[in-house]
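Here's the letter readout for the chains.
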Amino acid sequence: MEAMKISMSNGEGGSEDKEGVYEYFGWVYHLGVNSIGHEYCHLRFLFLRGKYVEMYKRDPHEYPGIKPIRKGVVGHTLMVEELGRRKVAHGDLYILRFYNRLDETKKGEIACATAGEVRKWMEAFDHAKQQAEYELSRGGSSRLKLTVENELNLGHQPRVKRYAHGLRKLIRIGQGPESLIRQASDLGSNIRSDEYLEVHGGDAIEAHKWKCVCAVNGIRIFEDVAHTKIGKSVLLKSVGVVEASSDTVFEVVLSLDQRRRYEWDMLTGDLELVDSLNGHYDVVYGTYDPKYLTRWNSKKDFVFSRQWFRDQDGAYVILQFPSIHKKRPPRSGYRRTKINPSSWEIRGLTTSPGSNVPRCIVTLMLEIHSRGRCDWKKHRSVFEKTIPYASLSQVAGLREYFAANPAMAFDSQTTVIQSKVSSTSSSNSEFEDSEISEEFFDAIAADNSLEEEDSDDDDDLDISKDGAVRLKNIAWVARMSVMRHSAGTASNELDAHISPLKIDASLFHGSAHQGKDETDTNCWTSPSGQGFMIRGKTYLTDNSKVKGGDPLLKLLAVDWFKTDNSIDRVALHPKCVVQSKEGKTLQFILVVNLQVPAKPNYSLVLYYGADRPVRKGSLLSRFIDGNDMFRDSRFKLIPSIVEGYWMVKRAVGTKACLLGKAVTCRYLRQDNFLEIDVDIGSSSVARSIISLVLGYVTSIVVDLAILIEAKEEDELPEYILGTVRLNRLKVDAAVPLES
């Protein structure tokens, strides 16, 4: 995405943003439960102006003077969670949940017709949240200070002085009333190779050696030759460039509409929904007539599950596993078969010079069984009449489908308008003069009588398509900087004037076992940072990344706990490493408590120690002693499955994740330590991925790198704060936390 820096004046108190207020508006579906317990789904016009939000029954641009039925303010504690697809009013919608990080009982939901619209609204609310955080960080007026008490009680919010005027940039998000709810249709390996390394669109180096073995119908088919020397399976992938946005391609791949699938999918054209487990996971049943492959086989049917999610960089991943389901027993006249485990990755590309046609790269990876080494290549004519080949050909089908329907490439586009203050839009002064007594999650969840009365025609989901708006993709991330600081490289994060303390890790004891060598299992070690790619010195100009070096902090111990309820403030426990005699002698300890949702709950607690005091003014110092919103915007984790089933690798990925933006993080700063409690269960996507990982945890080796994201030139290059390798950790090895 393009980075766009908002210039802020350095004045005090009433200083204003000279570049204007950003506004976002469009049609969404408001979901909720009324006072008598009935669920409702109303089409509403949502308007974001700066950090303020209003909800209307009609478009205020078309009906000047109309009053909002709800309004609120986006605070820095707002959390936005993507819940995936859900069936609403006999159709499928993509749900966004809003809640307060400090009080999850304050929540509300809106929905969009496509995943692309959800992504744009998430970007919009993230921009509004950053704006609220910026105002707090300036500290020029006491009226801008939202205390913890205000956030917890969510009571009256003080009026905020208008800080911008003049030219406003208006971005319309969503396709408006013409986008009706889409109707539902009827419907392994433990191989490791350090010889071949590549960075596959991520921030960790993977052990693969992909070789192009053929090119068919404009797509390339690759084989992972690093895995063919051992085992009975072969990993293949087909890769093609599709001239459409990643949002649109994702919708087409996920759609069960038979008419559409018949145009590009020769294998799974006949699909029907069997069960929907959550917004990111469903089970489908399909049939196919093999006469299109070979005439001597009987008709076949299959059941498989699909799990999907969107990375923070906007790429979509879909995992497909063969499955069974009691609703779809073997069918008379059909032979039940299994679909090969496979995964889709749909990643956007920059548009070609001189062209405005969106593009994305589509990768379909699957596992096939081989009899002997690369048997499929020796009998190519036979392989071309198999299910795996039909699966690989789906990428070519998509490519040709969009080439034959070029208008579809623009289905998810958004009109970007630049305008002066419109008479149909209320000014910021109106926001200032009117009391905003609610934060957004209160306003959207409130049982407002205005929402229930006068059920006009605009609540009817069968809305005319007149005045349809074609939309244009937006790609932006706002970076806000209050002030510049000294360099944040590892060499000056710790006080260089003090001799380093020799840390003997054997003096620190956690409940998890420290491994002695690579053959040891159910243990942890601390690898170097060479397996991770981090931002280099010139990242802001050329996006270049370099291999990480040795971690700045030393991994002292690891605890592996199980509890009935998730646990915070582990560092205060009397038997914790931090409270030991050795722990109290260290200048600083970073405690990372990864809370894993399961039955029971688990906590993986990592303890990192510094051999010298943290230098005042350094990036690490600002992170340790900063506020929560600064920490949320900087605390980053890079995962990497070093050994394990390839589908688990695809699910976990290797992209760096800003944990504070993906899940709820709570911080405890006392004495000589900072504890970060990471609630993985606060995200439905993270819960889904963790459930998959736990199923294979005894057979995988996972590396984690923890770092503070560098956003300014004088903070580069990045450095790795700490690492850990978990080698085939056993779930039943977790111990209860003694009271």
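Residues numbered from 1 in each chain as written. Predicted model: local features only at pLDDT ≥ 70, side-chain atom pairs only at ≥ 80, totals over all residues. Heavy atoms only, no water.

### So, helix H3 (residues 246–254)
In an α-helix, one turn spans 3.6 residues, which is why side chains three or four residues apart end up on the same side. Counted only if it meets this: Residue exposure (1.4 Å probe, protein chains only): buried if accessible area is under 20% of the type maximum, exposed if over 50%, otherwise partly exposed. Strands here are runs of E lasting at least two residues and helices are runs of H or I lasting at least four, both read from the DSSP assignment and numbered beginning at the N terminus.
Burial of H3 is extensive: 9 of the 9 residues sit out of reach of the surface. Within H3 the residues assigned to the buried category are Ser 246, Asp 247, Thr 248, Val 249, Phe 250, Glu 251, Val 252, Val 253 and Leu 254.

### Overview of the pattern of salt bridges
Threshold: Salt bridge, as used here: a side-chain nitrogen of Lys or Arg that lies within 4 Å of a carboxyl oxygen of Asp or Glu.
The tally for this structure, following the rule as stated, stands at 30 salt bridges. One connected set of salt bridges, linked through shared partners, spans Asp 313, Glu 345, Arg 347 and Lys 655.

### With respect to the sheet that holds strand S31 (residues 657–658)
We apply this condition: Between any two strands, pairing holds if DSSP finds at least two bridges.
Reading across from one edge, S23-S24-S35-S34-S30-S31 is the order of the 6 strands in this open sheet, with mixed pairing throughout. Across the chains shown, the open sheet's two edge strands, defined by having one partner strand only, are strand S23 (513–514) and S31. In the sheet, S23 pairs with strand S24 (residues 523–525) via 2 bridges, with the strands oriented parallel. Bridge pairing in S24 places Gln 514 opposite Trp 524.

### Considering the sheet that holds strand S33 (residues 673–679)
Spatially, S32-S33-S28-S29-S27-S36 is the arrangement adopted by the 6 strands of the open sheet, whose pairing is mixed. This sheet does not close on itself; its edge strands, each paired only once, are strand S32 (664–670) and strand S36 (735–736). Pairing analysis gives 7 bridges linking strand S28 (residues 588–596) to S33, with the strands arranged parallel. Looking across to S33, one finds that Val 592 is bridged to Ile 676.

### A look at the environment of Leu 398
Selection criterion: Whether two residues are in contact is decided by their heavy atoms: any pair within 4.5 Å suffices.
Secondary-structure assignment places Leu 398 in helix H8 (residues 394–404). C-alpha separation for the pair Leu 398 and Glu 243, spaced 155 residues apart in sequence, amounts to 9.6 Å. Leu 398 has contacts with Val 242, Val 249, Val 252, Val 253, Trp 264, Trp 344 and Val 362, leaving out every residue within four places of it along the chain.

### Remarks on unusual backbone geometry
Going from Lys 599 to Pro 600, the amide bond is cis rather than trans, its omega being 0°. Residue placement: Pro 600 occurs in the loop between S28 and strand S29 (601–610). Backbone torsion omega between Leu 716 and Pro 717 reads -5°, so that peptide bond is classified as cis. Structurally, the position occupied by Pro 717 is in the loop between strand S34 (701–708) and strand S35 (720–727). A positive phi angle is found at Asp 671, which is not glycine, with a value near 45°. Along the chain, Asp 671 turns up in the loop between S32 and S33. For Arg 728, which is not glycine, the phi dihedral falls at a positive 50°.

### Some remarks on the packing of aromatic side chains
Any pair of aromatic rings gets described here by the distance separating the centres and the angle formed by the planes. Here is the rule we go by: In this analysis, rings of Phe, Tyr and Trp, with Trp reduced to its six-membered ring, are considered paired at centre separations within 6.5 Å, and the interplanar angle assigns stacked below 30 degrees, edge-to-face beyond 60, and tilted for intermediate values. Definition used: whenever NZ (Lys) or CZ (Arg) falls within 6 Å of the ring centre and also within 35 degrees of the ring normal, the charge is taken to sit over that ring.
With the rule as written, the count across this model stands at 16 aromatic pairs. Among the aromatic residues, ring-to-ring pairing joins Phe 25, Trp 27, Phe 45 and Phe 47 into one connected group. The ring of Tyr 63 has Arg 58 sitting right over it, with the charged end atom 5.6 Å from the ring centre. The ring of Tyr 285 has Arg 328 sitting right over it, with the charged end atom 5.3 Å from the ring centre.

### Points about the environment of Ser 511
What counts is decided by this rule: For this analysis, a polar contact is any N or O atom pair within 3.5 Å, provided that within protein one partner can donate a hydrogen and the other can accept it, and provided that sequence-adjacent residues contribute only side-chain to side-chain pairs.
Note that Ser 511 resides in the loop between strand S22 (477–479) and S23. A residue is classified by how much of its surface remains accessible, and Ser 511, at 31% relative accessible area, is partly exposed. Measuring from C-alpha to C-alpha, the distance between Ser 511 and Val 558 comes to 6.7 Å, with 47 residues separating the pair along the chain. If we skip the residues at most four places from it in the chain, Ser 511 touches Val 558, Asp 559, Trp 560, Phe 561 and Val 735. In this structure the side chain of Ser 511 is engaged in a polar contact, spanning 2.8 Å, whose partner is the backbone nitrogen of Trp 560.

### Some points on the packing of H3 against H8
The condition is simple: Axes here refer to lines fitted to C-alpha atoms; in helices the fit is confined to the stretch in contact. Angles between the N-to-C directions go from 0 to 180 degrees. Geometric relationships in this document are graded by angle, where less than 35 degrees denotes roughly parallel, more than 145 denotes roughly antiparallel, 65 to 115 denotes roughly perpendicular, and other angles denote oblique. By definition, any crossing whose near helix is turned counterclockwise from its far helix by less than a right angle is left-handed, and any crossing with a clockwise turn is right-handed.
At a minimum axis distance of 12 Å, the contact between H3 and H8 shows a crossing angle of 120°. In terms of their interaxial angle, H3 and H8 are classed as oblique. Crossing of H3 over H8 shows right-handed handedness. Within the contact between the two elements, H3 uses Thr 248, Val 249, Val 252 and Val 253 and H8 uses Leu 398, Tyr 401 and Phe 402.

### Description of the pairing of strand S19 (residues 342–349)
Counting buried residues in S19 gives 6 out of 8 residues, a clear majority hidden from the surface. Pairing of strand S17 (residues 316–322) with S19 involves 5 bridges; the strand directions are antiparallel. Bridging from a neighbouring strand, Tyr 316 pairs with Ile 346 of S19. Both S19 and strand S20 (residues 359–369) contribute to a ladder of 8 bridges, which runs antiparallel. Following the sheet pairing, Trp 344 is matched in S20 by Leu 364.

### A word on the confidence of the model for the protein chain
Put simply, the rule is: Predictor confidence is given residue by residue as pLDDT, running from a minimum of 0 to a maximum of 100.
The predicted model of the protein chain has a mean per-residue pLDDT of 77, with 74% of residues at 70 or higher. The model gives residues 412–437 a pLDDT under 50, and that stretch makes 76 contacts with residues more than four places away or in other chains. A low-confidence stretch, residues 447–488 (pLDDT under 50), is modelled with 121 contacts involving residues beyond four sequence positions or located in other chains.

### So, the environment of Tyr 696
As for its position among the elements, Tyr 696 is in helix H18 (residues 684–696). Spatially, the C-alpha atoms of Tyr 696 and Arg 728 are 8.7 Å apart, while their sequence positions differ by 32 residues. Leaving out residues up to four positions away in the same chain, Tyr 696 has contacts with Tyr 645 and Val 648.

### So, the pairing of strand S4 (residues 52–56)
Among the 5 residues in S4, 5 count as buried, and that is most of the element. Both faces of S4 are covered, namely the face carrying Tyr 52, Glu 54 and Tyr 56 and the face carrying Val 53 and Met 55. Pairing of strand S3 (residues 39–49) with S4 involves 5 bridges; the strand directions are antiparallel. The residue of S4 that forms the bridge with Leu 48 is Val 53. Here S3 hands over to S4 after 2 residues, with Gly 50 in that stretch at a positive phi of 65°. Pairing between S4 and strand S5 (residues 70–73): 4 bridges, direction antiparallel. When the bridges of S5 are listed, Tyr 52 appears paired with Val 73.

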